[in-house]
Amino acid sequence: MDKNKLTKYITLLLYIMYAFSAVIVIKEKEVINIIIIVFCVAATIALVIINKKNKKLLSDNLYIVSALFIMISSLLGSCYNFYDISHYDDFLHVWSGLISCTVAFSLITFFYNENQLKDLNKVFLIIFLFMFSMGVASLWEIAEFFLDTYFAMNMQVGGLKDTIIDMIDALVGTVIMIPFIIKNKK
């Protein structure tokens, strides 16, 4: 199966899951979960549009892992309480480190041609990948704090300890991904 068909099937499956979940949460009048599902649908639509218009910026592989990450973290994690599963949150934060590094490299490849990429300083690339990924992780933790503070979502169950562990998890994902990107940069 080619990537384009796989992307379409996964997108369709995601929309079906979101529609099914929307029926459930609307029936149960869970306002916060309705907002989460709207976010998931909007984010998936945005990813589809970016993927169709610019595969150099958002390849099919990056689209698939990003769209699945949104569903797994937001829908399953928040609406269906998968965060109650031991180390579920840790897995997602390691995965987010992998994705963030991939996004950072996609941005680099978007703005640089192949010759410029070959000449790109490895130290600069490592610093950029690391800082971008850890910046995304910190913005995510700020978003969790905001949602906990103003919407009582309880995303940071362990408080400061949870935040630091999440940042360490993202760091692990980042450190794992950087050598793969550097090695495959060519």
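What this report covers is the structure whose coordinates are included nearby.

### Examining the side chain of threonine 11
Then, in step 1: The topology assignment puts threonine 11 in helix H1 (residues 3-27).
Then, in step 2: Residue classification places threonine 11 among the buried positions, given a relative accessible area of 8%.

### Focus: the packing of aromatic side chains
Then, in step 1: Tallying each qualifying case throughout the model produces nine aromatic pairs.
Then, in step 2: Both rings, one in phenylalanine 82 and one in tyrosine 88, keep their centres 5.6 Å apart while their planes meet at 70°; by these two values the pair is edge-to-face.
Then, in step 3: The exposure class assigned to phenylalanine 82 is partly exposed, which follows from its relative accessible area of 29%.
Then, in step 4: Judged by centre distance (6.0 Å) and plane angle (35°), the ring pair of phenylalanine 128 and phenylalanine 132 falls under tilted. Here the residue phenylalanine 128 and the residue phenylalanine 132 both occupy positions in helix H6 (residues 122-151), the gap between them amounting to four residues, near one helical turn.
Then, in step 5: Classification of phenylalanine 128 by relative accessible area gives partly exposed; the value is 26%.
Then, in step 6: Taken together through their ring pairs, the aromatic side chains of Phe69, Phe91 and Trp95 make up a single cluster.

### A short note on the side chain of threonine 174
Then, in step 1: Checked against the element boundaries, threonine 174 lands in helix H7 (residues 160-184).
Then, in step 2: A distance of 2.6 Å separates polar atoms of two side chains, one belonging to threonine 174 and the other to serine 133.
Then, in step 3: For threonine 174, the side chain forms a polar contact with the main-chain oxygen of alanine 170, separated by 2.8 Å.
Then, in step 4: Excluding residues that lie within four positions of it along the chain, threonine 174 makes contacts with Gly97, Leu98, Cys101, Leu129, Phe130, Ser133 and Met134.

### Looking at unusual backbone geometry
Then, in step 1: For lysine 29, which is not a glycine, the phi torsion comes out positive at approximately 55°.
Then, in step 2: Residue classification places lysine 29 among the exposed residues on the basis of a relative accessible area of 70%.
Then, in step 3: Located in the positive-phi region is asparagine 81, a residue other than glycine, with phi close to 60°.
Then, in step 4: Turning to its location among the elements, asparagine 81 is positioned in the loop between helix H3 (60-79) and helix H4 (88-111).
Then, in step 5: Residue asparagine 81 is classed as partly exposed on the basis of its relative accessible area of 47%.

### Section: the layout of surface pockets
Then, in step 1: There is about 1000 Å³ of room inside the largest pocket.
Then, in step 2: In terms of lining residues, the largest pocket is bounded by 43 residues, among which Phe39, Phe69, Ile70, Val136 and Trp140 are the most central.
Then, in step 3: For the lining of the largest pocket, the secondary-structure elements that each account for two or more residues are helix H2 (31-53), H3, H4, H6 and H7.
Then, in step 4: Ranked by residue count, the leading element in the lining of the largest pocket is H6, at 11 residues.
Then, in step 5: Its residues assigned to classes, the lining of the largest pocket comprises 29 nonpolar, 10 polar and four charged.

### A look at the pattern of salt bridges
Then, in step 1: Under the counting rule described, the total for this entry stands at one salt bridge.
Then, in step 2: For aspartate 60, the salt bridge is made with lysine 55, and the minimal N-O distance between the two is 2.7 Å.
Then, in step 3: Aspartate 60 gets classed as buried once you look at its relative accessible area, which sits at 12%.

### Looking at the packing of H4 against H7
Then, in step 1: For the pair H4 and H7, interaxial distance at closest approach is 7 Å and the crossing angle is 45°. Taken as axis vectors, H4 and H7 run oblique relative to one another. As for the relative orientation of H4 and H7, their crossing is right-handed in sense. On the side of H4, the interface is formed by Asp89, Asp90, His93, Val94, Ser96, Gly97, Leu98, Cys101, Thr102 and Phe105, while H7 contributes Asp162, Ile165, Asp166, Asp169, Ala170, Gly173, Thr174, Ile176, Met177, Ile178 and Ile181.

Parameters and conventions
- Residues numbered from 1 in each chain as written.
- Predicted model: local features only at pLDDT ≥ 70, side-chain atom pairs only at ≥ 80, totals over all residues.
- Heavy atoms only, no water.
- Helix = DSSP H or I, 4+ residues; strand = E, 2+ residues; numbered from the N terminus.
- Buried < 20%, exposed > 50% of the residue type's maximum accessible area, 1.4 Å probe, protein only.
- Phe/Tyr/Trp six-rings, centres within 6.5 Å; stacked < 30°, edge-to-face > 60°.
- Polar contact = N/O pair within 3.5 Å; in protein donor to acceptor, adjacent residues only side chain to side chain.
- Contact = heavy atoms within 4.5 Å.
- 1 Å grid on protein atoms, 1.4 Å probe; cavity = no way out; pocket = protein on both sides within 12 Å on 5 of 7 lines; lining within 4 Å.
- Points joined across faces, edges and corners; volume = space filled by probe spheres on them.
- Nonpolar A, V, L, I, M, F, W, Y, C, P; charged D, E, K, R; others polar.
- Salt bridge = Lys/Arg side-chain N within 4 Å of Asp/Glu carboxyl O.
- Axes fitted to C-alpha atoms, helices over the stretch in contact; angles between N-to-C directions.
- Parallel < 35°, antiparallel > 145°, perpendicular 65-115°, else oblique.
- Left-handed = near helix turned anticlockwise from the far one by under 90°.

Function cannot be read off these values alone, since they describe shape.
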